[in-house]
Amino acid sequence: MANNHKFESNKKYFTISIYTTVVILIGCIIFRFVTQWSTTSKLISQLWGILFPFFMGFLIAYILNPVVSFFQRNVSARILKSKPDKQRGLAILISYLVMVGCIIICLRFIIPQLYDSIRELSLMIPDIYNSIMSMFEQYRENSTDIFPDQIADMIETKTLPKLFELTNNLLTNIVPMLYEASMSFAKGLFNLFIAFIVSIYMTIDKFILKYAGKRIVLAIFNENFSYRVLRTLKDCHKIFSGFIIGKSIDSLIIGLLAFVAMTILKLPYTVLISVIIGITNMIPYFGSIFASIVAGVITLFTGGVTQAITVLLVLLILQQIDGNIIGPRIMGDALNVNPILIIV
């Protein structure tokens, strides 16, 4: 009697075969992309053009999420006590109105002044260069042997010309770059409008998207690993968003304080230097040093030694206030860390 051989499935070998097939397919796709890179780059650029509004929408929604939570806790919850289902909608409306107002203020007041300041500085580069070269000539005539002759010749004939050529090219190209950026902004206005709408939907459907993401993670990985991944993502979001929010508020306050102090002291290029101080304050450790150097150099050649020293003193005072009072208070609250630890 012939034996009937029955096929028996083996889960282990089936899993291995699936993984092998997937790896081979991925390898073929990568090989195809690498060998036909011109076609791949075009495909990537097309996909990026399609996905860019959605990425920007997610970025806007992520940045505005703590703002919405703030207004929901402190404003809409008090106004609409009897209508809790309407509180988040009101908070979203207020948050987007604040964002639009900030954009209008930047486009109307800050950016035009930055444009004029950069353009004026670019026109002053030749005069600044001539004044520095004259200072070197006076040094060579009244040499005190602070620098050896070889070093002085190298600085005068090689370093300074290259440095000013680089600075001149940078400042000269910034104005066309700003113009091109504004034109690109106008051309990409439709994409920004789509991103704006997408961000609104993402903000409204935050909890639905959050639940869907959780379900996807649970569907891909096993339960224990999934919850570890979700817990890690939650901690990363808490730390990252807390740092970005706290540092942004801190930088905004320092920039405003610098603007007020420089305006009172009637120092030149108040808006430009204040913006540089605010932006570089986001950079840990080296941001304040870079801002001090740039502000000191700009003021030195446009307002004189006295105003340059005044600017450096103002920045030194602001750095001490930021490092010992404002920064620890804001970053401690944002990261749930004691302000003393922030100072240390």
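What counts and what doesn't
Residues numbered from 1 in each chain as written. Predicted model: local features only at pLDDT ≥ 70, side-chain atom pairs only at ≥ 80, totals over all residues. Heavy atoms only, no water. Helix = DSSP H or I, 4+ residues; strand = E, 2+ residues; numbered from the N terminus. Buried < 20%, exposed > 50% of the residue type's maximum accessible area, 1.4 Å probe, protein only. Polar contact = N/O pair within 3.5 Å; in protein donor to acceptor, adjacent residues only side chain to side chain. Expected span 1.5 Å × (residues − 1). Axes fitted to C-alpha atoms, helices over the stretch in contact; angles between N-to-C directions. Parallel < 35°, antiparallel > 145°, perpendicular 65-115°, else oblique. Left-handed = near helix turned anticlockwise from the far one by under 90°. Contact = heavy atoms within 4.5 Å. Nonpolar A, V, L, I, M, F, W, Y, C, P; charged D, E, K, R; others polar. pLDDT = per-residue confidence, 0-100. Phe/Tyr/Trp six-rings, centres within 6.5 Å; stacked < 30°, edge-to-face > 60°. Lys NZ or Arg CZ within 6 Å of the ring centre and 35° of its normal.

The next point concerns unusual backbone geometry. The residue lysine 266 is not glycine, and still its phi comes out positive at about 55°. For lysine 266, the location among the structural elements is in the loop between helix 7 (223–264) and helix 8 (270–280). You can call lysine 266 exposed: its relative accessible area is 70%. One non-glycine residue with positive phi stands out, namely tyrosine 269, at about 50°. Examined against the element boundaries, tyrosine 269 turns out to sit in the loop between helix 7 and helix 8.

What follows concerns the side chain of arginine 88. Considering the arrangement of structural elements, one finds arginine 88 in helix 3 (residues 84–141). Polar side-chain contacts of arginine 88 include one of 3.5 Å to the side chain of glutamine 72.

To continue, consider helix 6 (residues 206–220). The end-to-end C-alpha distance of helix 6 is 21 Å, a good match for the 21 Å that 15 residues give at a rise of 1.5 Å each. Within helix 6, only 1 of the 15 residues are buried, leaving the element largely exposed.

At a minimum axis separation of 8 Å, helix 6 and helix 7 run at an interaxial angle of 140°. One element, helix 6, and the other, helix 7, form an angle in the oblique class. The way helix 6 lies across helix 7 gives a crossing that is right-handed. Within the contact between the two elements, helix 6 uses Lys214, Val217 and Leu218 and helix 7 uses Ser226, Tyr227, Val229 and Leu230. Along the lines of polarity and charge, the residues of the contact of helix 6 with helix 7 split into 5 nonpolar, 1 polar and 1 charged.

The next point concerns the confidence of the model for the chain. Mean pLDDT for the chain: 79, with 76% of residues reaching 70 or above. Ranking the helices and strands of the chain by mean pLDDT puts helix 8 first, with 90, and helix 11 (residues 339–343) last, with 50.

For the rest of this paragraph, the subject is the packing of aromatic side chains. Evaluated as defined, the whole model comprises 7 aromatic pairs. Considering the side-chain rings of tyrosine 96 and phenylalanine 196, the 5.2 Å spacing of their centres and the 90° angle between planes classify their relative orientation as edge-to-face. Remark: phenylalanine 196 occurs in helix 5 (residues 189–204) and tyrosine 96 occurs in helix 3; sequence separation between them is 100 residues. On the basis of relative accessibility, which here comes to 6%, the residue tyrosine 96 falls in the buried class. Owing to a relative accessible area of 23%, phenylalanine 196 belongs among the partly exposed residues under this scheme. Here the basic side chain of arginine 108 rests over the ring of phenylalanine 109, its NZ or CZ set 5.2 Å away from the ring centre.

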